[in-house]
Amino acid sequence: MDKLVSLCKRKGFIFQSSGIYGGINGCWDFGPLGVELKRNLKDDWWYHFVQVRDDMVGLDASIIMHPQVWVASGHVEAFHDMLVDCKECKKRFREDHLEGDRCPDCGGELTEPRAFNSMLRTRLGVSDDTAVDTYLRPETCQSIFVDFKEIYSSSRVKIPFGIAQIGKSFRNEVNPRNFIFRSREFEQMEIEFFCREEDEEFWFERWQEDIWKWYVNLGIRESRLRWYEHPKESLAHYSKRTVDVEYEFPFGWGELQGLANRGTYDLTQHSRHSGKDLSFFDQEKNERFIPTVIEPSAGVDRTALAVLCDAYDEDEVNGEKRVVMRFHPKLAPIKAGVFPLVKKEGLAEIAEELERKLRRKFPTVYDHSGAIGRRYRRMDEIGTPFGICVDFETRENGTVTIRERDSMEQVRVPMEEVAEYIGKRISFDQD
Ligand code: GAP
């Protein structure tokens, strides 16, 4: 984990937020490479779960919502962590993260547990007497429930169908930890899938298959994935059943995504609290009902962390240690490095022009500094899947070599076919 965290900082994937001020606990910044990786993940998710399906639509709702939303959703009442304090060293812990009944740091006696609401409170309005307290959303899905009627009456959707959203969520986590695994500001990719109650098991299983397949198609090793079924007594306040997809991180197994059967809980609560009828009218059957909700809810940052952990590898090339990020090409931040074999004899100009053309299709870099082997190595370390070399033969017949990061094999390809050769291998549409 230390090696990965240091690579992420050194290469510009992820840094601590506000680092020059000493950082702020639980907040992270995605640098030039991190932002590309994250965008690729989100775009791939949107492609598979929204774009190619005819039973899904999207939403991009505001982060700040009416304070009543959080009363209706049950978060004001029930979104609590139970906290204990060490009477000796004064450190604070989540009770469910402790193994024994003493302080894990100094062995001191602990206080009785107290409830602490994990929502991040904020104040909206400019003057003290009119400003209202509300919260930064702790999950993106509540806007999907609140907007349910707007969406179904403005789009031509019929049950069963789902609404997807990607966006920021905030939780005042007591112990943000394990790099970006548990943070206070993070992104979620959530789907609320509305179906009839009698079909809930069918859809739960279908979503189980679909989300598992998505992780496998990201190139994550299946041996590092598993399901965890939540016991009935520890289900969230809204859930009838929850299973998590977990990944085996260097620090142990951790949740990537939860799949929950939320039943009719949320639509019923919002109907009751808002006084607006959020039932669905089935015109064919002439029937009105509150749909049941199956919810796949994934974390962008945790998926990015799993992809980074899974991609990290070290091997040896010509007796030298090589660090290589084996990202699936569709996720790699930079798709190709373009290098002239030598800077002179017109090769640099050809390579620069090729790189300019390619960057209109996908992210690329041009590099002419140092030995060619070093340049390949620099690209390996940030997971660039293809290295294109312009050499003397290029001047004669217009072909370049494309070196593949993992096998290190090279093929010769005419320059005008490079974009298509790489384009096929980085597309989301390969599964
Ligand atoms: N709407 C349901 C919901 O929010 P959750 O299990 O609390 O369910 C869903 O969160 C996903 O959001 C988790 O599986 C995880 O990937 C991500 N997530 C939750 N809390 C997080 C945190 N503090 N830091 C990073 N990701 C988090």
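Treat the numbers as computed from the prediction; the structure is a model and nothing was measured.

**Observations regarding the sheet that holds strand β13 (residues 252-263)**
Whenever strands of a sheet pair, they do so through backbone hydrogen bonds, lying parallel or antiparallel. Read from one edge of the open sheet, 7 strands run β3-β9-β10-β16-β13-β12-β11, paired in mixed fashion. On the outer flanks of this sheet lie β3 (56-59) and β11 (225-229), each paired with one strand and no other. In this sheet, adjacent strand axes meet at a mean angle of 25 degrees when their direction is disregarded. Two strands pair when backbone bridges link them, and strand β9 (residues 161-170) and strand β10 (residues 185-195) are joined in this way by 10 bridges, in the antiparallel orientation. Residue pairing in the sheet places Gly162 in a bridge with Phe193 of β10. Relative to β9, helix α2 (residues 32-51) is tilted by about 160 degrees, and along the sheet it contacts β3, β9 and β10.

**Re the site of the ligand**
Near the ligand there are 20 residues, and of these Glu139, Arg171, Ser183, Glu190 and Glu255 occur at the shortest range. Interatomic distance of 2.6 Å between a side-chain N/O atom of Glu139 and a nitrogen atom of the ligand. At 2.8 Å, a backbone N or O of Ser183 approaches a nitrogen atom of the ligand. Within the complex, the protein chains bury 91% of what would otherwise be the 550 Å² of accessible surface of the ligand. When contributions to the shell around the ligand are tallied by element, the ones reaching two or more residues are β10, β13 and β16 (292-299). Sort the elements by how many residues they give to the shell around the ligand and β13 lands first, with 5 residues. Split by residue class, the shell around the ligand holds 5 nonpolar, 6 polar and 9 charged.

**Concerning the environment of Phe281**
Among the structural elements, Phe281 can be located in strand β14 (residues 280-282). The partly exposed category is assigned to Phe281, whose relative accessible area is 31%. A sequence separation of 54 residues divides Phe281 from Lys335, and the C-alpha atoms of the two residues are 48 Å apart. Excluding residues that lie within four positions of it along the chain, Phe281 makes contacts with Tyr152, Asn286, Glu287 and Arg288.

**Here we look at unusual backbone geometry**
At the junction of Ile159 and Pro160, the peptide bond is cis and its omega measures out at 5 degrees in the coordinates. Mapped onto the fold, Pro160 is located in the loop between α6 (148-154) and β9. Positive phi values are uncommon outside glycine, yet Ser18 reaches one of about 55 degrees. Its location among the elements puts Ser18 in the loop between β1 (14-16) and β2 (28-30).

So, how was this worked out
- Residues numbered from 1 in each chain as written.
- Predicted model: local features only at pLDDT ≥ 70, side-chain atom pairs only at ≥ 80, totals over all residues.
- Heavy atoms only, no water.
- Pairing = 2+ DSSP bridges.
- Helix = DSSP H or I, 4+ residues; strand = E, 2+ residues; numbered from the N terminus.
- Axes fitted to C-alpha atoms, helices over the stretch in contact; angles between N-to-C directions.
- Contact = heavy atoms within 4.5 Å.
- Near = heavy atom within 4 Å.
- Polar contact = N/O pair within 3.5 Å; in protein donor to acceptor, adjacent residues only side chain to side chain.
- Areas by Shrake-Rupley, 256 points an atom, 1.4 Å probe, with all protein chains shown as cover.
- Nonpolar A, V, L, I, M, F, W, Y, C, P; charged D, E, K, R; others polar.
- Buried < 20%, exposed > 50% of the residue type's maximum accessible area, 1.4 Å probe, protein only.

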